[in-house]
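Chain by chain, the residues run as shown.
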Amino acid sequence: MLETSARLLRLLSLLQAHREWSGADLADRLGVTPRTVRRDVDRLRELGYPVNASPGTGGGYQLGAGAELPPLLLDDDEAVAVAVGLRTAAGQGIEGIGETSVRALTKLEQVLPSRLRRRVGALNAFTVPMLHNTLPSAVDPAVLTELAALCRDAERLRFAYESHDGAATRRTVEPHRLVCTERRWYLVAWDLDREDWRTFRVDRITPRPPHGPRFTPRPPPAEGLAAYVSKGVSTRAYATHAVVRLLVPLREAAERISPSAGTLEADGPTSCLLRTGAPNLDVMVVHVVMTGFEFEVLEPAGLTGRIRAARDRLSRALDRSDPVAHGDSVPER
């Protein structure tokens, strides 16, 4: 029984390669007779896998897309959630996981019903990855697929939105693309009331149908939407902006600094530029120091003075806390 089950899984894996196999080729790959192949194909069909067969010398077997999901014990929303997870994993900078995720996603899409393939296809086509090693935010997969479908079909979106300070607003936009990080999802859209491009956090969006009508897509606000959103959420959203030279290579800085914390660009082989924002200069001091890298302030000029004031404050705190500086004895260990 175990041998038969293992052979069925191997046969299914071969069929999922999205090519037509002759019975002889499958028998050779599996080390069985053509009659056993036919029997195994019948077993797969009994389990719900749609295996198509064409007769004749040039015929063969091919895995098709059925009217319902194969028996993976997944309902429609769960299947879409798996596809979303694989799509996100495919873009991560973890060695080996990207290629594996793409293969798994390809196999899943081959056997998805057409109604689900269209939903997943829209999500793939209208999502731009902006990834970093941080935790994901909680976003309803149904909202993601709804937004992706509206981007694909160029339909206006109506939704309730909660800003970072808790203020509730109603928006009507022309959705363009979803941009994802490992931490958050963002919607880039043309805001009809404000007549400008806006970036919205998806976890703060509550769709309010009916949507529509259709619109003619506008030219995007930038060629690279990942960089556009990164700059928006890390810099443009704040009153105070800064440019700092980090004295480490770009690759090393990118491992620690999230795209939502600032944008990075190369500045020679041993340094890079960080462009970032903060509510004020005092917060900016903490933000820059907490990168953990040696740095040089390029702008604004006032940031250097705030760093100097913070240094003096820290020095005084150390003097007050250092028992040697006050002539106190240091306990022996």
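See the structure shown above.
Reading guide: rules and limits
- Each chain has its residues counted from 1, running along the sequence as written.
- Only residues with pLDDT of at least 70 are given local features in this predicted model, and only at 80 or more are side-chain atom pairs given and counted; all residues enter the totals for whole chains, interfaces and linings.
- Water and hydrogen atoms were dropped before computing side-chain values, which therefore reflect all heavy atoms in the structure.
- The helix and strand labels rest on DSSP assignments: H or I over at least four residues marks a helix, E over at least two residues marks a strand, and numbering proceeds from the N terminus.
- Between buried and exposed lies partly exposed: a residue is buried under 20% and exposed over 50% of the maximum accessible area for its type, with that area taken using a 1.4 Å probe on protein chains only.
- In what follows, residue pairs with any heavy atoms lying within 4.5 Å of each other are defined as contacts.
- What makes two strands pair is DSSP finding at least two bridges between them.
- Angular values range over 0 to 180 degrees, each being the angle between N-to-C directions of two axes fitted as lines to C-alpha atoms, with helices fitted over their stretch in contact.
- Only rings of Phe, Tyr and Trp enter the pairing, Trp through its six-membered ring, and a pair is recorded when the two centres are within 6.5 Å. The plane angle decides the type: under 30 degrees is stacked, over 60 is edge-to-face, the rest tilted.

K.L.:
What should I look at first to understand the overall build of the protein chain in this one?
P.N.:
Helix and strand counts for the protein chain come out as eleven helices and twelve strands. Counting the 333 residues in the protein chain, one finds 39% classified as buried. Looking at the protein chain alone, contacts between residues at least 24 apart form 59% of all its contacts between residues at least 6 apart.

K.L.:
Just to check I follow, could you spell out the sheet that holds strand 11 (residues 272–278) for this structure?
P.N.:
Strand pairing in a sheet is mediated by backbone hydrogen bonds. Such pairs are either parallel or antiparallel. Strand order in this open sheet of four strands is 10-11-9-12, and the pairing throughout is antiparallel. Only two strands of the sheet have a single partner each, and these edge strands are strand 10 (263–266) and strand 12 (295–299). Strand-to-strand, the axes of this sheet are offset by a mean angle of 25°, without reference to chain direction. Sheet topology note: the strand 9 (residues 240–246)/strand 12 ladder contains four bridges and is antiparallel. By the bridge assignment, Val-244 is partnered in strand 12 with Val-297. On the sheet, helix 8 (residues 225–236) packs against strand 9, strand 10 and strand 11 and is oriented at approximately 55° with respect to strand 11. Running at roughly 140° to strand 12, helix 11 (residues 301–321) makes contact with strand 9 and strand 12 of the sheet.

K.L.:
Looking at this model, I keep getting lost on the environment of Pro-113. Mind explaining?
P.N.:
Examined against the element boundaries, Pro-113 turns out to sit in the loop between helix 5 (97–111) and helix 6 (114–125). Relative accessible area serves as the criterion here: at 1%, Pro-113 is assigned to the buried category. Residues Pro-113 and Gly-64 lie 49 residues apart in sequence; the distance between their C-alpha atoms is 9.8 Å.

K.L.:
Help me understand the packing of aromatic side chains in this model?
P.N.:
The geometry of an aromatic ring pair is captured by two quantities: the separation of the ring centres and the angle between the planes. Evaluated as defined, the whole model comprises four aromatic pairs. Every member of this aromatic cluster is reached through a ring pair, and the members are Phe-159, Tyr-161 and Phe-200.

By themselves, these are just geometric observations and shouldn't be taken as functional.
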